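# Chains, contacts and geometry: an overview
The residues making up each chain are set out below.
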Amino acid sequence: MRISLNWLRELVEIKLSPEELAETLTMAGFEVEDIEDRRTWANGVVVGKVLERQPHPNADKLSVCQVDVGGDEILNIVCGAANVRADIYVPVATTGTYLPNIDLKIKPAKLRGVPSNGMICSLKELGLPTDVDGIHIFTQENLPLGSDVRPLLGLDDVILDLTATANRADALSMVGVAREVAALTGEKLSIPEPGDVVITKGAGNLTLQSIDSQASPAYIGTVIELVKIAPSPDWLQQRLRAAGVRPINNVVDITNYVLLEWGQPLHAFDWQRLQSVASGENVAIGVRLADAGEFLKTLDGQTRTLTTQNLLITANNRPIALGGVMGGEETEVHEGTQSLVLEAALFDSVAIRRSSRSVGLRSEASGRYERGVNRAELETANRRALLLISELAGGVIVQQEIADSRPAKSTWSHSIALRLDRINQVLGPIDLGEEPGELEAKDVERILTALGCQLTATGEGSWTVTVPPYRYRDLEREIDLIEEIARLYGYDKFCDTLPDKAEAGYLPLDQELIRQLRAFLRAEGLTELIHYSLVKPEEERQIVLTNPLFAEYSALRTDLIAGLVDAFKYNLEQGNGSLNGFEIGRIFWLEEEGLLEADALGGIMGGDCTLGKWSRSGGEEPMTWFEAKGILESVFRQLGLEVEFQPDHRDSRLHPGRTASLWSRGNRLGTFGQLHPQLRREKDLPDSVYAFQLNIEEILKSLDLDEILMPKFHSYSTYPASDRDLAFFAPVKLTVAEIEKVITKAGKGLLESVELFDEYRGENVPPGQRSLAFRLNYRASDRTLTEAEVQPVHNQVRDALVEKFGVSLRS
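Report on the accompanying structure. (Residues numbered from 1 in each chain as written. Predicted model: local features only at pLDDT ≥ 70, side-chain atom pairs only at ≥ 80, totals over all residues. Heavy atoms only, no water.)

With that out of the way, let us pick up the nonpolar core. Soluble globular proteins tend to pack their nonpolar side chains together in the buried interior. One finds Leu-8 and Leu-418 to be the most contacted residues of the largest nonpolar core, which totals 114 residues. Residue contributions to this core peak at eight residues, all from helix H4 (residues 174–185). Leaving out residues up to four positions away in the same chain, Leu-8 has contacts with Ile-3, Ile-14, Leu-21, Met-174, Val-177, Ala-178 and Val-181. By size, the runner-up hydrophobic cluster in this structure holds 32 residues, among which are Trp-625, Ile-699, Leu-700 and Ile-708. (Core = buried A, V, L, I, M, F, W, Y, C linked by side-chain atoms within 4.5 Å. Buried < 20%, exposed > 50% of the residue type's maximum accessible area, 1.4 Å probe, protein only. Helix = DSSP H or I, 4+ residues; strand = E, 2+ residues; numbered from the N terminus. Contact = heavy atoms within 4.5 Å.)

This part is about a nonpolar patch on the surface. Where nonpolar side chains cluster on the molecular surface, the patch consists of Tyr-532, Leu-549, Phe-550 and Tyr-553 and spans about 530 Å² of accessible area. The topology assignment puts Leu-549 in the loop between strand E30 (534–535) and strand E31 (555–556). Leu-549 sits in the exposed class, given a relative accessible area of 68%. (Patch = residues over 30% accessible without salt bridge, like charges linked within 9 Å, V, L, I, M, F, W, Y side chains within 5 Å. Areas by Shrake-Rupley, 256 points an atom, 1.4 Å probe, with all protein chains shown as cover. Salt bridge = Lys/Arg side-chain N within 4 Å of Asp/Glu carboxyl O.)

Structurally, Ser-216 is set in the loop between strand E13 (206–211) and strand E14 (218–225). For Ser-216, a relative accessible area of 1% translates into the label buried. One polar contact links the side chain of Ser-216 to the main-chain carbonyl oxygen of Leu-346, over a distance of 3.1 Å. Not counting residues within four places of it along the chain, the set of residues in contact with Ser-216 comprises Ile-211, Val-287, Ala-345, Leu-346, Phe-347 and Ser-405. (Polar contact = N/O pair within 3.5 Å; in protein donor to acceptor, adjacent residues only side chain to side chain.)

Looking now at empty space enclosed by the protein. Tallied over the full model, the rule gives two cavities of 30 Å³ or more. Of the voids in this model, the largest cavity is the one considered here, and its volume is about 210 Å³. Lining the largest cavity are 22 residues, and of these Ala-169, Asp-170, Gly-372, Asn-374 and Tyr-470 sit closest to its centre. Top element by residues in the lining of the largest cavity is H4. It accounts for three residues. (1 Å grid on protein atoms, 1.4 Å probe; cavity = no way out; pocket = protein on both sides within 12 Å on 5 of 7 lines; lining within 4 Å. Points joined across faces, edges and corners; volume = space filled by probe spheres on them.)

As for its position among the elements, Phe-295 is in strand E17 (residues 295–297). For Phe-295, a relative accessible area of 55% translates into the label exposed. As a C-alpha pair, Phe-295 and Ala-788 span 493 residues in sequence and 97 Å in three-dimensional space. Other than its neighbours up to four places away in sequence, Phe-295 contacts Thr-303, Arg-304, Thr-305, Leu-306 and Pro-319.

Okay, the sheet that holds strand E37 (residues 690–695) next. The sheet built from seven strands is open, its strands ordered E29-E32-E33-E37-E36-E35-E34 with mixed pairing. Only two strands of the sheet have a single neighbouring strand rather than two, namely strand E29 (527–528) and strand E34 (644–647). In the sheet, strand E32 (residues 581–591) pairs with strand E33 (residues 594–605) via eleven bridges, with the strands oriented antiparallel. In the sheet register, Arg-586 faces E33, and the bridge partner there is Asp-599. Packing against the sheet, helix H16 (residues 625–639) makes contact with E33, E34, strand E35 (654–664), strand E36 (667–675) and E37, and its axis sits at approximately 150° to E36. Along the sheet, helix H18 (residues 696–703) contacts E32, E33, E35, E36 and E37; its crossing angle with E37, the most-contacted strand, is approximately 65°. (Pairing = 2+ DSSP bridges. Axes fitted to C-alpha atoms, helices over the stretch in contact; angles between N-to-C directions.)

Below, the discussion takes up the packing of helix H14 (residues 509–523) against H16. Where H14 contacts H16, the axes come no closer than 10 Å and their chain directions differ by 140°. By the angle class used here, H14 and H16 are oblique. Note that H14 runs across H16; the crossing there is right-handed. Where H14 approaches H16, its residues Gln-516, Leu-517, Phe-520 and Leu-521 are matched on the opposing element by Val-635, Gln-638 and Leu-639. Partitioning the contact of H14 with H16 into residue classes produces five nonpolar, two polar and no charged. (Parallel < 35°, antiparallel > 145°, perpendicular 65-115°, else oblique. Left-handed = near helix turned anticlockwise from the far one by under 90°. Nonpolar A, V, L, I, M, F, W, Y, C, P; charged D, E, K, R; others polar.)

Looking now at the sheet that holds strand E21 (residues 326–327). Backbone hydrogen bonds hold the strands of a sheet together, and the pairing may be parallel or antiparallel. Strand order in this open sheet of five strands is E13-E16-E19-E20-E21, and the pairing throughout is mixed. In the strand order of this sheet, the two ends are held by E13 and E21, each with one partner. With four bridges connecting them, strand E19 (residues 311–315) and strand E20 (residues 318–322) associate as antiparallel partners. Counted as the bridge partner of Ala-315 is Arg-318 from E20.

Relative to the 22 Å expected for 16 residues at 1.5 Å per residue, helix H10 (residues 378–393) spans 22 Å between its end C-alpha atoms, a close match to the ideal helical length. Listing the buried residues of H10 in full gives Leu-378, Thr-380, Ala-381, Asn-382, Arg-384, Ala-385, Leu-386, Leu-388, Ile-389 and Ala-393. Check the buried side of H10 and you find it contacts E14, helix H6 (250–262), strand E15 (266–270), strand E22 (340–346) and strand E23 (396–404). Following H10 by one or two positions, Gly-394 adopts a phi angle in the positive range, close to 70°. (Expected span 1.5 Å × (residues − 1).)

Turning our attention to the packing of H6 against H10. The geometry of H6 relative to H10 is characterised by a closest axis approach of 10 Å and an angle of 145° between their N-to-C directions. With respect to the hand of their crossing, H6 and H10 are arranged in right-handed fashion. Counted together, Asn-250, Val-251, Ile-254, Tyr-257, Val-258, Glu-261 and Trp-262 of H6 and Thr-380, Ala-381, Arg-384, Ala-385, Leu-388, Ile-389, Leu-392 and Ala-393 of H10 form the full contact between these two elements. Taken together, the residues that form the contact of H6 with H10 break down as eleven nonpolar, two polar and two charged.

What follows deals with unusual backbone geometry. One non-glycine residue, Ser-210, lies in positive phi territory at about 55°. One can find Ser-210 in strand E13. The residue Asn-764 is not glycine, and still its phi comes out positive at about 70°. Tracing the backbone through its elements, the reader meets Asn-764 in the loop between strand E39 (751–760) and strand E40 (769–778).

Turning our eyes to something else, we now look at H4. In a regular helix each residue adds 1.5 Å, so twelve residues correspond to 16 Å; H4 covers 16 Å between its end C-alpha atoms and thus fits that length. Most of H4 is tucked away, with eleven of its twelve residues classed as buried. All of the buried residues in H4 are Met-174, Val-175, Gly-176, Val-177, Ala-178, Arg-179, Glu-180, Val-181, Ala-182, Ala-183 and Leu-184. Once H4 ends, the next one or two residues include Gly-186, with phi positive near 75°.

So, on to the pattern of salt bridges. Considering all chains together, one arrives at 52 salt bridges under this definition. The shortest N-O distance in the salt bridge between Glu-478 and Arg-419 comes to 2.7 Å. Of the two residues, Glu-478 is situated in helix H13 (residues 478–489) and Arg-419 in strand E24 (residues 415–419); the sequence distance between them amounts to 59 residues. Overlapping salt bridges bring together Arg-168, Asp-170, Glu-180, Arg-471, Asp-474, Glu-484 and Arg-487 as one network.

Right, let's talk about the side chain of Arg-239 for a bit. When you line up the elements, Arg-239 lands in helix H5 (residues 234–242). At 2.2 Å, the side chain of Arg-239 forms a polar contact with the side chain of Glu-10. With residues near it in sequence (within four places) discarded, Arg-239 still touches Trp-7, Glu-10 and Tyr-257.

Examined against the element boundaries, Arg-357 turns out to sit in helix H8 (residues 349–359). Residue Arg-357 is classed as exposed on the basis of its relative accessible area, which comes to 57%. On a C-alpha basis, the gap between Arg-357 and Asn-310 in space is 9.1 Å, while along the polypeptide they are 47 residues apart.

So, in structure tokens, the structure goes:
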């Protein structure tokens, strides 16, 4: 909110400079984003009078003016404005004046051969918004020549751009800010109390019917006649411009002025147009939710299709305004308005937030209603507006109707128990110079009294605090009062307390292992991905939110693979190629015992991992199942984890013949496999796409072993190895993992490694079998092995394979 210091000084005494006041407000929790010193915009600009205007001898669009600025000489000024003429008072920038808004310093010059000693200014050149295309002409008569123009234009002011926190709805008004400044500085507060309003008649043609008491706890409608629509006086226009509001006419400007002053939104309807919309002289104003498909053309000229979330103001049940958001164009005040209805109402903050969001429209009014308007000062703001309309627009109040369902006034403020011991326990010691101290009872009483609270002592160091009505929304508990005490006393006045002895920080073992896992996956060329945990509801096991923001994000994900497949497809559509990525995130699902959640590791692969493709003429080669499996094996090898792959076909999204479950020490870690052809066709994905999902908890359990966390040192053998090749026919259903397990067990002691180097299916191979060839490396750490030592062990391996699996040895 933009705060005019000239306006603020009328409400509270200010002895601080603008910079000091901004610092004080910022330290109290109100961020001052900018200080706009308007006094510099027109320093050196004075009031002048155009005595004579002649056309320029060498230019059709220029004029040569004789201007009196109260000095010894009449200034000769060349002006290009079309509205310049004789006998008008204008702002004149004299020689040497600097205009910061157009970055121009006025110097003597010649324009088309005619000397010019100054410049007649427009409002735009002085930094003020205007609809006039030309110089500014003062409407006042007999202005003192040579006097400063800044008081006449409202440029003797400083504007603070203030941002209040979401809980401080009271700070969205000049009165609220004035109360805050008074509490911070201890200066005198001078908030004007509007007088009584005189209503000339009693009953009339306006009634209030069908007011939704929950959506609108209070509604005041006032009929005003004999209104004269005209421009607002200069003081009112200047205050609106300072606040960033464009002046329109006296009635609309008054409603905006009261909004800024008291934080109470108001709206004025043209009474004759209201009767025309209602199709009769008798008008019944109501507040209801819109029906789906209703239309309303708002003041911004947009025709809006309404939903059941929109709150409407109606006249004889016909929509005339979006309640608390924006009025309707059909009933707006215009130049010919002679009578009007002034609306002053309270609306439920949730109803306004939903209504505003559903049509994508936010206004100054809706922003205040969403945070909560002060229900105790509705009548005060209404009287203030009515008195200004009577004064500035000649209006006569003929009827006022009120629908009020607010609770009793005694409930508008509430009491909170407060303890001095608790205050000091939460806030800690204060800095008193030589040694720290504690807040005393007098400090608490002074601060809370300045905020408008009433304190009743209930014992030594304890009070019952009655909160003022304008702070009832954000002061609800003892801790809220403690925060206010700290804020107003000054956060910078509390002592900095540090631990007596600093200790080195460390990460838990689980976090260290997960970091290693991430690093190894990245080292294999996988990019880490992050997806929303919220997805579209499609499964029975999903946990569905009761109050989602969007239907597309109304359930919690049950796995990571679905999101990774969508990410793979999106990257292809964007021309980024196949995606190799992984994600570590939480999944959620529903079981009979309740809601469950766990951390999971998911990944998807399918892109060419190589960098240089010159040897393939720039073409990419699809990733094979074994290459994708090798990436996981490499990660497990670096972690020191022994993982076994076993055939699996439980996940319908994966190829039933190219899917494996991963096991370690008898625990199932997860699943890895190629995407099912049907899913690939539905998603329009290439053939070679592989996905995996692993249980993080099971991985951590397998890694939390002494031999993995603290591996033993094994010396490297300096003696050569003895290689043996072993080839045989084996059933297709027999996995290589099972074969390697038997080979390793039979050759323990001398067998160092086992490697599959050939597989063949086809001619000369029995049906249902395949030819496999393994290379076995035998090595001893203390000697070179002889044939007599290797052959018996190798024969044990051959015999074990024949005995266990019935393989047909070929070598």
